[in-house]
Amino acid sequence: MRMLKGALASVALLVAFSGEAQAQDWWWGITYNMSATSSLPGTSDSDGNFVDDFSFRGVGIEARYVPDRGGNLSYGFSGSWNVLNEKTDEVVHLPGADLSGTQLRYFNSIPLLVNAHYYFGSRGGIRPYAGLNVGTYWIERRADVSIVSVKDDNWHLGWAPELGIIVPLGRPEVALIANARYNWAFSAGGSGDQKYWGFNIGFMYR
Amino acid sequence: MGQWMTRGRPLATRAGIAIVATVALGGLAACYPGDISSIQETQVVITAYDKEFDYSAQQTYAIPDTVVEVCDSENLNPGLPINCDDDSRVDYNHANDAAFVARVRQNMNALGYTEVDWETVNENNLPDVALIMMVTVNRWTAYTYWGCGGYWGWWGWYPPGWGCGYPGYSTTSWDQGTLYTDMLYPDGASNETIPSVWTGAINGVLSNSSNTNRDLALSGIDQAFAQSKDYLMVP
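About the cut-offs
- Residues numbered from 1 in each chain as written.
- Chains lettered and ligands numbered in written order.
- Predicted model: local features only at pLDDT ≥ 70, side-chain atom pairs only at ≥ 80, totals over all residues.
- Helix = DSSP H or I, 4+ residues; strand = E, 2+ residues; numbered from the N terminus.
- Buried ≥ 20, exposed ≤ 12 C-beta atoms within 10 Å, placed from the backbone.
- Contact = placed C-beta atoms within 7 Å.
- Pairing = 2+ DSSP bridges.
- Axes fitted to C-alpha atoms, helices over the stretch in contact; angles between N-to-C directions.
- Core = buried A, V, L, I, M, F, W, Y, C linked by C-beta atoms within 7 Å.
- pLDDT = per-residue confidence, 0-100.
- Expected span 1.5 Å × (residues − 1).
- Arc of directions from axis to C-beta.

**Thoughts on the overall build of chain B**
Thought 1: Tallying secondary structure elements over chain B gives four helices and seven strands in all.
Thought 2: Each helix (α) and strand (β) of chain B, taken in turn from the N terminus, gives the series α-β-β-β-α-β-β-β-β-α-α.
Thought 3: Put simply, chain B has 235 residues, and 27% of those count as buried.
Thought 4: Within chain B, counting contacts between residues at least 6 apart in sequence, those at least 24 apart form 75% of the total.

Quick look at the structure:
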């Protein structure tokens, strides 16, 4: 029994030591993502808004490394999946031709971004933050008309400025995160700049 | 070690939780939500025009009373892909020809054109444009192969979910029709070919109901003219 207590005390000391001595954190998070390509400024791409409807479909993962626990800076990466879709009867104008009919339009975006964030406020409190994401976007645009489907997909370089807030949820290991990102993927493969807003909410934990 | 371990779970575990939760949530976000929900929504109307042609100079037209099956004639070319494969061709019922021609006539008149009776058309009495209606109907079949016909756990020694009874597939077939209205320009004829200066093509999956198909085609004809009226309208 004494041995067991000793072992537990050693493990406790080791854990406490490794945590405090390093004084750093990895925060992980999952977010529910919503997106919009209209009704907000600066959202058009060179082809106009491919999809106008607001989207409630999306999911994301976050990882943030805080070198100085409770400090103001973090570095990390994020991956997410945003799905926008729309059913429309809008007439499509092409060079020398016009097309009408029910169209199902889909916009699938997978941003893979590295980021840096700066946090306001102090440790343990509500932390508003600003950040910058840089990386690649895989974007597929697809239109189904009648039984015909046309699509293009490309890897884009892009960036996304971000504003958000982190709210502690009573325990030091768990927090609520909410943010807005303006995703800007530069033109690639004949597809113009793709821009859309992301509104994300989820949990962070460490 | 310390860098990868803080209070709580190991880094790999925490990352795993995030990834699994993300994938699970991702299941709610299908790549292609929404669907075509009716025969009407399969219909598409395509109009093509000649950007160099002076539509404003045309004032008269003529149209025959019949709709021609494209695949029955080697002299017709609506300028769009056509499948005349004997295996997929479906006989076209000409019962609605008069209704289709009448609807084209109605739209042309509404745009300000004057009709020249087709029976009176000859080399000395040519209309500015002639309208020819054509049709194709094809049957399409899609096969979906499932590979494994079910019977989960049929073989007792397989883990649940691995039993494979028989290869399974399902088939879906549908008839698809295209109704073309071509506007020909007789004065531009050369080498025994009369150029087409406008095409309206209505394409869709056909219903079992003849009335539904007729109504869809008629609304498609209206749409073809509606989306072209800016340049077809007689000034």
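**A closer look at the sheet that holds strand β9 (residues 174-185) of chain A**
All names here are of chain A.
Thought 1: One closed barrel accounts for eight strands, arranged β1-β2-β3-β6-β7-β8-β9-β10; its pairing is antiparallel. This sheet shows a mean twist of 25° between the axes of neighbouring strands, independent of strand direction.
Thought 2: Across nine bridges, the pairing between strand β1 (residues 25-36) and strand β10 (residues 194-205) is antiparallel. When the bridges of β10 are listed, Asn-33 appears paired with Asn-200.

**Looking at the nonpolar core**
All names here are of chain B.
Thought 1: Of all hydrophobic cores here, the largest spans 37 residues; its most connected members are Tyr-61, Phe-100, Val-104, Leu-131 and Met-133.
Thought 2: At the level of secondary structure, the elements contributing two or more residues to this core comprise β1 (44-49), β2 (60-62), α2 (97-110), β5 (129-145), β6 (169-184), β7 (196-205) and α3 (210-226).
Thought 3: Not counting residues up to four positions away in its chain, the partners in contact with Phe-100 are Val-67, Met-133, Leu-179, Ala-217 and Ile-221.

**Focus on the pairing of β9 of chain A**
Residue and element names in this part refer to chain A.
Thought 1: Sheet analysis places strand β8 (residues 148-168) next to β9, joined by nine bridges and oriented antiparallel. From the neighbouring strand, Gly-158 faces β9, where its bridge partner is Ala-185.
Thought 2: Counting the residues between successive antiparallel strands, the hairpin from β8 to β9 contains five residues, one of them, Gly-170, with a positive phi of roughly 90°.
Thought 3: Examined bridge by bridge, β9 and β10 share twelve bridges and lie antiparallel to one another. Bridging from a neighbouring strand, Val-174 pairs with Tyr-205 of β10.

**Digging into the confidence of the model for chain B**
Residues and elements named next belong to chain B.
Thought 1: Per-residue confidence for chain B gives a mean pLDDT of 77; residues scoring 70 or more make up 69%.
Thought 2: Counting interchain partners and residues more than four positions distant, the pLDDT-below-50 stretch residues 1-8 has 17 contacts.
Thought 3: This model gives residues 146-167 a pLDDT under 50, and the stretch forms 22 contacts once residues within four places in sequence are excluded.
Thought 4: This prediction of the complex comes with two scores: 0.67 for pTM and 0.73 for ipTM.

**Some details on α2 of chain B**
Residue and element names in this part refer to chain B.
Thought 1: For α2, which comprises 14 residues, the first-to-last C-alpha distance of 20 Å matches the rise-based estimate of 20 Å (1.5 Å per residue) to within 8%.
Thought 2: What α2 keeps buried is the set Phe-100, Val-101, Arg-103, Val-104, Asn-107 and Met-108. Along α2, the residues classed as buried sweep out an arc of 160° about the axis, all on the same side. Across α2 from its buried face, at more than 90 degrees, point the exposed residues Ala-98, Asn-109 and Ala-110.
Thought 3: Within two residues after α2, Gly-112 carries a phi angle of roughly 105°, on the positive side.

**Description of the pairing of β8 of chain A**
Thought 1: Summarising the sheet, strand β7 (residues 127-145) of chain A and β8 of chain A pair through 19 bridges and their orientation is antiparallel. Opposite Gly-135 of chain A, over in β8 of chain A, you have Gly-158 of chain A as the bridge partner.

**Considerations on the confidence of the model for chain A**
Any segment with low pLDDT has predicted coordinates that should not be analysed in fine detail.
Thought 1: Averaged over all residues, the pLDDT of chain A is 81; the fraction at 70 or higher stands at 83%.
Thought 2: Ignoring residues within four places in sequence, the model shows residues 1-21 of chain A, a span with pLDDT below 50, making seven contacts including any to other chains.

**Quick word on α3 of chain B**
Thought 1: Helix length check: α3 of chain B (17 residues) gives 24 Å between terminal C-alpha atoms against 24 Å at 1.5 Å per residue, within 8%.
Thought 2: Listed as buried for α3 of chain B are Asn-213, Leu-216, Ala-217, Gly-220, Ile-221, Gln-223, Ala-224 and Phe-225 of chain B.

**So, the environment of Ala-48 of chain B**
Thought 1: Its location among the elements puts Ala-48 of chain B in strand β1.
Thought 2: For Ala-48 of chain B, a count of 20 C-beta atoms within 10 Å puts it in the buried group.

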